[in-house]
Amino acid sequence: MDFKYDVIVIGAGHAGCEAAAAAARMGSKTCLITIDMNKIGQMSCNPAIGGIAKGQIVREIDALGGHMGLVTDRCSIQFRMLNRSKGPAMWSPRAQCDRGKFIWAWREVLENQENLHIWQDMVTELLVADGQVTGLKTQLGATFQCKCVVLTAGTFLNGLIHVGRCQIKGGRIAEPASYGLTESIARHGIRTGRMKTGTPVRIDRRSVHFEEMERQDGENDFHRFSFMNSERHLNQMCCWTCYTNEKVHEILRSGLPDSPLYNGQIKSIGPRYCPSIETKLVTFPDREQHQLFLEPEGQETNEMYLNGFSSSMPMDIQIRALKEIPAFRDLAVYRPGYAIEYDYFDPTQLDSKLESKVIRNLFMAGQVNGTTGYEEAGGQGILAGMNAHIACHGGTPFTMGRDESYIGVLVDDLITKGVDEPYRMFTSRAEYRILLRQDDADLRLTGRSYQAGLATSERFEAMCTKRREIESLLEFCAGFAVKPALINPSLELMGTTPLRQGCRIKDLIERPQIGLLNLAEHISALKTRLDRIHDPRKEEIIEAAEIQMKYSGYIDRERQIAGKMKRLEDIRIQGRFDYSSIQSLSTECRQKLTAHDPETLAQASRIPGVSPSDINVLLVLMNR
């Protein structure tokens, strides 16, 4: 071994796995360095992938040619499409996974990826010369040389675990924290901070009274995470729900003086949208109960995850409180919940490639950027890995706009607004969410990724075939006329208003009661047309075409709005102004633009403190 690489990825969590796989597949000689090879792709918290807006990100990772969707489908033990009662812009896939099989599925991917080597060690120092990455040093005394580094260290940088007043140094329970790396980076002028996250108690299935809980089954239709029509090989399992009660709350309140969150022990900020059970009690004192979800960790284990009961309360308080829930009266746990504090780096010092503005060829992804969640990490990881390869070998940087992907929204929010708490993606953060549905991520992104050199030709051809089938079906529905006399009896059976005059199938599909499949039972020509689709993803194609017809007006309007903003995205301003000298800008605007140094005018418009009038001033100056 010569310890010389194009790209080195530090950390083998969800960001690191995607980054390493992407850089290697694009052709870079890549090394993935991890403290423990048996924890590659570890689900540190809940054993699930996806969820509201997060599921869309996983579909985008898959569309780009990443592996999270494929690994999830392979290890899924329950699948659900969330938000079905809302419009398709809100539909979000989520899957429970077998935690152990997930790790080994990722390891199999990485160990068989050409150009990729794995090294088990801890990085202690980043080597920099003339403002540019040159390599790194490890705890074992190895010195690596490289052109680019992708930092994806998760919660391991100076990690500190809290269980009541007990404090343990670590990056995860029973795993060592990483020391020295934060300091070696910060001394070059990169700003750092501390954040906190937490995880719940793990419960022994054999001690649970499931008859006291409500069963929650999954779905088994055609939906998957991967667009490559990957199969589910594992038996599907159910989850369970129950509620806390006032006795539980009384015990938890008695432990607040020893809670690290409320006795001053934890000084950093935790995730607002995934609060601990003690935070729920303090924030919502009038709530008589809180819902909990008991989720399986895998097929061959009795370990279960109690979603909704994240806590850093003393161990005895957690157990005593849970035993007041009927289902847990004979509770046995594998370990209590805990909180962890860790270092992160100010993401406003990154550009849209996720490259540091301070140290060239240093890319960052995942929780080190102040985000939370496997999916947000994976999305950043694949983008950072692609751009690290491009930085090594040349080419056009790969970036995504807010109208192209949730990953684009995520990155733009991080680099323009920064973070003051762990960032979590929601559909409400995306102003163009009708364009960013989970069903069309491949149509949006696979072509771009294929041109960049990541998505395979097989994936690209599958996307092209799907696009042709959708367009052909849309053309058929737009051109086929339906007569009232033939369809009205069927419309009445479907609970919708009869026709007064003829119309096209497309017009009928716009009605909420009607879909292509149920309409085909009444129009033989449509049924014949659907039967001609021989693609293995037939149901996916039909659903995608139906969504485009039902929401065509909304989709077209949003594209127009996005197109107007795109003009500002094309106006590059980085390096063109000395903002401090432009007196017609507000003082706050001058300070914010100087600090952020935005790449485009659109990016500048999204920085807090930059007003529309400030943007108009810059537009005038650009015309000059």
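Please refer to the structure placed before this passage.
Cut-offs and rules
- Residues numbered from 1 in each chain as written.
- Predicted model: local features only at pLDDT ≥ 70, side-chain atom pairs only at ≥ 80, totals over all residues.
- Heavy atoms only, no water.
- Pairing = 2+ DSSP bridges.
- Helix = DSSP H or I, 4+ residues; strand = E, 2+ residues; numbered from the N terminus.
- Axes fitted to C-alpha atoms, helices over the stretch in contact; angles between N-to-C directions.
- Contact = heavy atoms within 4.5 Å.
- Parallel < 35°, antiparallel > 145°, perpendicular 65-115°, else oblique.
- Left-handed = near helix turned anticlockwise from the far one by under 90°.
- Phe/Tyr/Trp six-rings, centres within 6.5 Å; stacked < 30°, edge-to-face > 60°.
- Buried < 20%, exposed > 50% of the residue type's maximum accessible area, 1.4 Å probe, protein only.
- Lys NZ or Arg CZ within 6 Å of the ring centre and 35° of its normal.

A. Local environment of the sheet that holds strand S3 (residues 48-50). The strand order across the open sheet formed by three strands is S3-S5-S4, and the pairing between neighbours is antiparallel. Here the strands that pair on one side only, and so sit at the sheet edges, are S3 and strand S4 (76-82). Strand-to-strand, the axes of this sheet are offset by a mean angle of 15°, without reference to chain direction. In the sheet, S4 pairs with strand S5 (residues 92-97) via six bridges, with the strands oriented antiparallel.

B. Structural view of the environment of Leu519. With respect to the helices and strands, the residue Leu519 is situated in helix H15 (residues 516-520). Separated by 29 residues in the primary sequence, Leu519 and Ser490 have C-alpha atoms spaced 8.6 Å apart. Beyond its immediate chain neighbours, meaning those up to four positions away, Leu519 contacts Ile487, Met494, Ile505, Leu508, Ile509, Ile514 and Leu526.

C. Structural context of the packing of helix H1 (residues 14-26) against helix H4 (residues 99-111). Where H1 meets H4, the closest approach of the two axes is 10 Å, and the angle between their N-to-C directions is 20°. With respect to H4, the axis of H1 lies roughly parallel. In the packing of H1 onto H4, the handedness of the crossing is left-handed. Across the interface between the two elements, His14, Cys17, Glu18 and Ala21 of H1 pack against Phe102, Trp106 and Leu110 of H4.

D. Broad picture of the packing of aromatic side chains. Tallied over the entire structure, the rule returns eleven aromatic pairs. Ring geometry for Phe577 against Tyr579: centres 5.9 Å apart, planes inclined by 40°, an arrangement best described as tilted. A relative accessible area of 21% places Phe577 in the partly exposed class. Using a relative accessible area of 4% as the deciding quantity, one classes Tyr579 as buried. Of the aromatic side chains, those joined through ring pairs into one cluster are Phe3, Tyr5, Trp119 and Phe144. Lying over the aromatic face of Tyr423, Arg429 brings its terminal NZ or CZ to 4.2 Å of the ring centre. The ring of Phe398 carries the charged tip of Arg448 above its face, separated from the ring centre by 4.5 Å.

Without other data, these values stay purely geometric and don't point to any function.
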